[in-house]
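# Architecture at a glance
Listed below, chain by chain, are the residues.
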Amino acid sequence: MGLTSAAQAGTSALTVPTRILLLLLLLVGCRPTPEPTFPTTPQIMTAGPDEHSYARAAEVRVRHFGLSLEVDFATRTLLGVITLAVERADARAPLRLDTRALDISRVEIARAPAALQIESTHLAAVEALWSPARWNLGAVDEHLGQGLAVELEGDVDLVRITYRTAPEASGLQWLAPAQTADRTQPFLYSQSQAIHARSWFPCQDSPGIRATYDAVVRVPPNVRALMSADPFETGTAGTYGFEMRQAIPAYLVALAVGRLEFAAIGDRTGVWAEPSILATATHEFADMERMLVAVEGLYGPYRWGRYDVLVLPPAFPFGGMENPKLTFATPTIIAGDRSLVSLIAHELAHSWSGNLVTNATWADLWLNEGFTVYLERRIIESLFGRERADMDAVLGRQDLAEAFAELGADDQHLRLALGGRNPDDGLSDVAYEKGALLLLALEESYGRKAFDPFLLAWFEDHAFGSVTTAEFEAFAAKHLLGQPRLPNKPAIDLGAWLDKPGLPSDSPVPRAEAFERIDGVVGPFVRGELAAAGLPTAKWTPQQWLHFLRALPKETDVARLRALDERFALTDSGNQEILAQWLEISVRHDYRAADAALERFLARVGRRKFLMPLYGALLEAGRGDEARRIFARARPGYHPITQSSLDTLLGGRKK
Ligand code: BES
Ligand code: ZN
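Residues numbered from 1 in each chain as written. Chains lettered and ligands numbered in written order. Predicted model: local features only at pLDDT ≥ 70, side-chain atom pairs only at ≥ 80, totals over all residues. Heavy atoms only, no water.

### Description of the overall build of the protein chain
Put simply, the test is: Strands are runs of DSSP state E lasting at least 2 residues, helices are runs of H or I lasting at least 4, and numbering of each runs from the N terminus. Contacts were defined at the residue level, with two residues in contact if any of their heavy atoms lie within 4.5 Å. Note that accessible areas follow from Shrake-Rupley with a 1.4 Å probe, and for residues the cover is restricted to the protein chains shown. The charge count treats Lys and Arg as positive and Asp and Glu as negative. His and the chain ends do not count. For charged residues, the charge sits on one atom: NZ in Lys, CZ in Arg, CG in Asp, CD in Glu.
Counting its secondary structure elements, the protein chain contains 19 helices and 22 strands. Counting only C-alpha atoms, the protein chain reaches 90 × 60 × 50 Å along its principal axes. Long-range contacts, defined here as pairs at least 24 residues apart, represent 72% of the contacts in the protein chain between residues at least 6 apart. Carbon and sulfur atoms make up 53% of the accessible area of the protein chain, which totals about 26,500 Å². Distance from the positive charge centre (66 side chains) to the negative charge centre (81 side chains) of the protein chain: 2 Å.

### Description of the sheet that holds strand β9 (residues 172–175)
Here is the rule: Pairing between strands requires that DSSP locate at least two bridges from one strand to the other. Lines are fitted to the C-alpha atoms to define the axes, a helix being fitted only along its stretch in contact, and any angle between axes, read from their N-to-C directions, falls within 0 to 180 degrees.
Pairing in this open sheet of 4 strands is antiparallel, and the strands run β9-β10-β15-β12 from one edge to the other. Each of the sheet's edge strands pairs with one partner strand only, and the pair in question is β9 and β12 (224–227). For this sheet, the mean inter-axis angle between neighbouring strands, taken without regard to orientation, is 10 degrees. Relative to strand β15 (residues 255–258), strand β10 (residues 187–190) runs antiparallel, the two being bridged by 2 bridges. Paired with Tyr189 across the two strands is Ala256, which belongs to β15.

### Brief notes about the environment of Asp90
Quick note on the threshold: The definition of a polar contact used here is a pair of N or O atoms within 3.5 Å, where within protein one atom must be able to donate a hydrogen and the other to accept one, and adjacent residues in sequence count solely through side-chain atom pairs.
Note that Asp90 resides in the loop between β2 (77–88) and β3 (95–99). As for Asp90 and Ile379, which are separated by 289 residues in sequence, their C-alpha atoms are 45 Å apart. Ignoring sequence-local partners within four residues, the contact set of Asp90 consists of Glu59 and Val60. A polar contact is formed between the side chain of Asp90 and the backbone nitrogen of Arg92, at a distance of 2.9 Å.

### Overview of the site of ligand 1
For clarity, the cut-off: The cutoff for a nearby residue is simple: one of its non-hydrogen atoms must lie within 4 Å of the molecule or strand.
Within the structure, ligand 1 sits among 15 residues, and Gln193, Gly319, Glu322, Glu347 and Tyr432 are positioned closest to it. Measuring from an oxygen atom of ligand 1, one finds a backbone N or O atom of Gly319 at 2.5 Å. One of the side-chain N or O atoms of Glu369 is found 3.0 Å from a nitrogen atom in ligand 1. The fraction of the free accessible surface of ligand 1 (520 Å²) that becomes covered by protein chains is 88%. Put simply, the parts of the chain that give the shell around ligand 1 at least two residues each are β19 (320–321) and α5 (342–349).

### Regarding the coordination of the zinc ion (ligand 2)
Note the cut-off: The rule for donors is simple: an N, O or S atom within 2.8 Å of the metal counts, and for Na, K and Ca the reach is 3.2 Å. Water is not among the atoms, so a site may look short of donors. Only four donors with every angle between 85 and 135 degrees are called tetrahedral; only four or six donors with opposite donors over 155 degrees apart and all others between 65 and 115 are called square planar or octahedral, in that order; all others are irregular. When a residue's accessible area, from a 1.4 Å probe over protein chains only, is under 20% of the maximum for its type it is buried; when over 50% it is exposed; and in between it is partly exposed.
Those protein atoms acting as donors to the zinc ion (ligand 2) are His346 (NE2), His350 (NE2), Glu369 (OE) and Glu369 (OE), and they sit at 1.9 to 2.8 Å. Around the zinc ion (ligand 2), the 6 donor atoms sit at angles spanning 52 to 160 degrees, and that spread fits a shape best called irregular. Positions of the donor residues of the zinc ion (ligand 2), expressed as sequence spacing, correspond to H-x3-H-x18-E. Within this pair, whereas His346 is found in helix α5, its partner Glu369 is found in helix α6 (residues 365–384), the two being separated by 23 residues in sequence. Taking the relative accessible area as the measure of exposure, His346 reaches 8% and is therefore buried.

This is the structure:
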């Protein structure tokens, strides 16, 4: 029974002033007849030790949870029942969970039956003696959502919550068939990082808190469910079972539902995609198994069993997401020539840096992303040679320079002070590229002979744990900084890297000879001394093309762009990195022949990395009205995260 109906039933015969008084009493939480089953007034709740979560794991910690989900495309909601097994260090403390926009209808508690083995039972279907719980939802915080406190009476150690997600849940995107590759079935996928898991299941949503999980997911006909877990047979058509026996933080719990098929690449690796793109995707990612072997050679065994990649529809707001066992990836990396697979190397590398050893809070994101970019380039080097890895490093250094130009001094530190901001907003190339550059600096000063075993030990010593920047400082001081440096190599001032803006003056400068050859022709081309047809492009790789386009100066005459396009059909490029770069240049130089392609791109692709600079360029070119018109049409097809970034950029919500 809900609060309102109880209040109405008891107050119908009362005078108006008495009713108002009662209502006030209800509002301050002094209910005349306490009913344990419904929430009292929203309380102000304060975040726990992680400023982005209400969880207090030192008091009560979720060890395992079982999810039972029903996927309803018609209402764009998940109907969920979650059963959480908790460990109680503080007998009086409630279980504190994170939620966002969840419609919670029931909260129950129970003592786990004596015979129950939490590790091996499917909690999603556990039988226990449930009784109603006393629970409380906190006030809505713009970034954090709502804390949920569940009182744990006596010796209960199971909590069961029945809920429904909101159609606009920030961690889910519901796609119509027209937004998929095959256009036949709807599609649903989750994106939980950084703090969106709470929008599709109540959880302790901090990267420093790990749990194992199992799940059963009911879906309509003609689609299947996948999760970041091992599948098991439920014996019921349309119901998919999953179990994850390695403890992971909530941001790595992932779900996808669609018309999906599988093709193997190696013994442990494979691709999931819609049928029409499966063959192309499998061809593109053919090197996955070799990549896996390469990382294992450097940083120890792969601990997650299988490594598969799921190709999502183009609305996916990121390039990739390292959901364990099952990376989620944008289709925009399928170029036909395997030129953009460094993204796969990146997500695979997260199986060590991030998933095995996880940043304790989002302020330590560089420990995930900086390490991963460094590992990614080691993988690329080992598969394709130093030159290709160096080119990636130079492009990354350019991205970092742009980030420094845009960010305030405090946001240029590796150790971030997010100070109440949404961690999505603290996301910049600093964690990625400055972080990777710090590891490169350490590598260059101490040599790979010392640095490789150091990183291996970092992963082994912290496996399935969470790490802070302070722990990294201590570990480096103990195991690396005291070792002999290579001749003429600088000492590393960790403090400057971690807590100062910009880069120390002696930081490494990535160079790629393959780019320097390109630099030589940019000037002559821009000045008109070299025709487009005269550019030595025959052997240019997509990375070299990207570098060439980025190197074109602001003053480049639009006639030069037209010549380039006529010769190389850049407006029709099938490489989405090159296309996005070209479209941005076109806007910046008012090359209007690319307008139609730009509009098509903005309507089709939801990857934020591409959209933000493109819409930004339109604004700067004084084409704000046009940008808002295009956005208004494309917005319903974008992910909630992309929608909200663009709402902010383009000023005010337009529908
Ligand atoms: N884990 C990130 C994506 C992410 C980070 C999502 C923070 C939400 C919050 C993923 O591994 C990633 O870094 N993706 C990059 C690609 C990579 C090659 C730099 C992306 O999506 O562009
Ligand atoms: Zn990453």
